[in-house]
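Reading the structure
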Amino acid sequence: MTLTFHWFLPTYGDSRYIAGGAHGPQSGVARGDRPATLGYLGQVARAAEEIGFVGALTPTGAWCEDAWLTTAPLVEASERLKFLVAFRPGLLSPTLAAQMAATYQWHSGGRLLLNVVTGGESHEQRAYGDFLDKAARYTRTDEFLHVVRSLWRGERVDFHGAHVQVEDARLGRVPDPVPPVYFGGSSPAAGRVAARHADVYLTWGEPPAAVTDKIAWIRGLAAERGRRIRYGIRLHVITRDTAGEAWAQAGRLLSGISDEAIEQVQAGLRRSESEGQRRMLELHGGSAKGLRELEVAPNLWAGVGLVRGGAGTALVGSHEEVADRIAEYAALGLDEFVLSGYPHLEEAYWFGEGVLPILRDRGLWTHPAGDPSATAPAAVPFAAS
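Every chain's residues receive numbers from 1 upward, in the order its sequence appears when written. Local features in a predicted model are, by the rule used here, given only for residues with pLDDT of at least 70; side-chain atom pairs are given and counted only at 80 or more, and totals for whole chains, interfaces and linings are based on all residues. Neither water nor hydrogens contribute to the side-chain values; these are computed over all heavy atoms in the structure.

Under an unreviewed UniProt entry, the chain has the name LLM class flavin-dependent oxidoreductase and belongs to Actinomadura syzygii.

Those residues of helix H9 (residues 259-269) that fall on the buried side of the exposure criterion are Ile-262, Gln-266 and Leu-269. Buried residues of H9 fall within an arc of 55° about the axis and therefore sit on the same side. Turned more than 90 degrees away from the buried face of H9, the exposed residues are Glu-260 and Gln-264. Relative accessible area decides the class of each residue, using a 1.4 Å probe on protein chains only: under 20% of the type maximum gives buried, over 50% gives exposed, and in between gives partly exposed. A run of H or I in DSSP becomes a helix once it reaches four residues, and a run of E becomes a strand once it reaches two; helices and strands are each numbered from the N terminus. Directions drawn from the helix axis to the C-beta atoms are what define this arc.

Here the axes come from fitting lines to C-alpha atoms, over the contacting stretch only for helices, and the angles between their N-to-C directions go from 0 to 180 degrees. It is the contact of helix H2 (residues 67-74) with helix H3 (residues 94-108), at a shortest axis distance of 11 Å, that shows an interaxial angle of 15°. One way to sum up the angle between H2 and H3 is to call them roughly parallel. For the element pair H2 and H3, the recorded crossing hand is left-handed. Across the interface between the two elements, Trp-68, Thr-71 and Ala-72 of H2 pack against Met-100, Ala-101 and Tyr-104 of H3. Gly falls in the polar group here, along with every residue not listed as nonpolar (Ala, Val, Leu, Ile, Met, Phe, Trp, Tyr, Cys, Pro) or charged (Asp, Glu, Lys, Arg). Grouping the amino acids of the contact of H2 with H3 by side-chain chemistry returns five nonpolar, one polar and no charged. These descriptions rest on fixed angle ranges, namely under 35 degrees for roughly parallel, over 145 for roughly antiparallel, 65 to 115 for roughly perpendicular, and the rest for oblique. Crossing handedness is defined as follows: a turn of the near helix away from the far one that is anticlockwise and smaller than a right angle gives a left-handed crossing, while the clockwise case is right-handed. Residues count as neighbours in contact if any of their non-hydrogen atoms are within 4.5 Å of one another.

This part is about the pairing of strand E4 (residues 112-116). For E4, a buried count of five out of five residues is recorded, marking the element as mostly surrounded by other parts of the structure. Burial along E4 is two-sided: Leu-112, Leu-114 and Val-116 facing one way and Leu-113 and Asn-115 facing the other are all buried. Of the pairings in the sheet, the one linking strand E3 (residues 82-87) to E4 comprises five bridges and is parallel in character. Its bridge partner lying in E4, Phe-83 is registered against Leu-112. Remark: the E3/H3/E4 crossover connection has right-handed handedness. Whether two strands pair depends on DSSP finding at least two bridges between them. With three bridges joining them, E4 and strand E7 (residues 181-184) adopt parallel strand pairing. Looking at E7, one finds that Val-116 is bridged to Phe-183. The crossover handedness rule: strands pointing away from the viewer, path from first strand over the helix to second strand clockwise, crossover right-handed.

Spelled out as structure tokens, the structure:
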């Protein structure tokens with residue numbers, strides 16, 4: 001079994017803390033916030049590619065830059081890295097989305113992956129002009145993906161659903177290859193859509209027992225439809241040479257979060273309609289507690305979710321421990337891992353230089369560009385021969 005790893009592009013900006021502008025020492029401590037310029041995101045993309053990540057997730061929402069427009073120029077800043085573009089199906093027509101995907105594949109040489117986000121926050125959806133409730137949004141997503149997949153097969157489509165209507169729709173060019181659809185969600189409606197349309201079902205980082213149940217649930221729904229899909233997990237990561245160093249870094253991130261910031265973020269997240277978000281909130285309970293009190297399973301830390309919506313857990317530990325946890329999740333049936341860390345440039349190297357070699361030696365990972373050991377070592381001036 002060879003595992004697939006993806007990294008993350010922070011299109012809202014990056015920081016040495018979980019949230020930019022974190023409080024803390026102002027002098028003598030590295031703490032600079034980094035805006036989401038193409039220059040910086042290009043650095044992250046090139047690092048991820050060199051390290052051995054297959055793709056990079058780019059989020060969607062009013063709080064970040066547009067994923068389509070940001071990743072398109074980054075195609076030229078990299079050579080083989082794929083871009084896992086998150087988008088909301090209610091904000092554009094299925095024919096246009098299918099065409100955009102085909103154009104992206106044509107210009108990028110097949111480097112598009114699609115993360116379909118139905119949207120769990122009605123107030124944010126309304127800001128974009130979408131006034132459907134949560135149940136209706138999932139019905140629309142189902143209809144949307146039916147049309148998109150039909151177009152990708154080269155079909156001429158007439159469809160009249162409850163929320164999606166197209167007549168005589170067709171593409172001048174079908175995407176080659178067809179981009180795989182990544183889809184997540186913990187509600188019954190999300191499960192039904194995933195079973196019908198997802199190529200990869202993504203879960204946020206929950207303890208192994210909960211992930212086992214979720215995989216079994218989706219696998220059963222997909223089997224009822226005669227489908228088999230792959231499974232992935234979305235996690236942050238803090239990995240160091242020793243466990244003590246990793247937990248010290250987690251503590252530093254926690255120290256950069258004020259009680260006021262936690263309360264403000266948690267107040268907003270408690271209004272969320274997302275079942276997945278509710279499950280994330282249950283892991284930490286909405287308060288900082290002690291550093292290790294937020295360890296909800298071995299090496300699984302819920303501290304990120306105190307000031308971040310969505311994926312709120314991190315794998316924390318030595319490189320060996322993090323590799324062990326990844327192997328544990330892989331044994332449950334997960335084969336794709338979408339990771340991130342703060343800051344994203346440096347943390348990519350910690351994982352790539354610390355954890356990936358261990359997984360390679362265990363036969364769980366190979367570099368997508370081939371054997372990195374075949375590359376000539378760096379020539380360091382004045383080093384002993």
